[in-house]
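Chains, contacts and geometry: an overview
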Amino acid sequence: SIGLVTDEAGKELVRYTMPDPEDSAAIEDAEKRIPGAMPYFYVQDPDYFKLKQRVAQAIATGGSAEGVATIDVAVETLRVAEYLTPTLMEQLK
């Protein structure tokens, strides 16, 4: 897939392609290591690996997992989503 960022006049400022060549290689590796999984697991494998490392390190050291949302952050995020949902649904009509 491709994501584009444009200015107000529609001029393309940045183009992102997914998967890029590096991600494609990681996806192929994951498919070999974990055959038969759902395709999105292959795409997300590097992110899950980093997440699991951070959480395991936090548990082992008694610290907090860098860059990982806490339950409190998750609850507040859901509150914001619930607050915004009616407004966003109205805009989609």
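The structure presented is a predicted model; accordingly, all values stated were derived computationally and were not measured. Along each chain, the written sequence defines residue order, and numbers are assigned to residues from 1. Confidence filtering applies because this is a predicted model: local features only for residues at pLDDT of at least 70, side-chain atom pairs given and counted only at 80 or more, and all residues used for totals across whole chains, interfaces and linings. Hydrogens and water molecules were not included; the side-chain quantities draw on all heavy atoms of the structure.

1. Let's talk about the packing of helix α1 (residues 21–33) against helix α2 (residues 39–61)
Which entries qualify depends on this criterion: Angles shown run from 0 to 180 degrees and are taken between the N-to-C directions of axes, each axis being a line fitted to C-alpha atoms and, for helices, limited to the stretch in contact. Here a helix means four or more residues in a row that DSSP labels H or I, a strand means two or more in a row labelled E, and each is numbered from the N terminus. Roughly parallel means an angle under 35 degrees; roughly antiparallel means over 145; roughly perpendicular covers 65 to 115; every other angle is labelled oblique. The criterion used for residue contact is that any of the two residues' heavy atoms lie within 4.5 Å. Classification convention: Asp, Glu, Lys, Arg as charged; Ala, Val, Leu, Ile, Met, Phe, Trp, Tyr, Cys, Pro as nonpolar; all other residues, Gly among them, as polar.
Where α1 contacts α2, the two axes come as close as 8 Å, and the packing angle between them is 105°. Judged by the inter-axis angle, α1 sits roughly perpendicular to α2. Of α2, the residues touching α1 (which contributes Ala 26, Ile 27, Ala 30, Glu 31 and Arg 33) are Tyr 42, Val 43, Asp 45 and Pro 46. Per-class residue counts for the contact of α1 with α2 are six nonpolar, no polar and three charged.

2. Remarks on unusual backbone geometry
Going from Met 18 to Pro 19, the amide bond is cis rather than trans, its omega being 0°. You can see Pro 19 is positioned in the loop between β2 (12–17) and α1.

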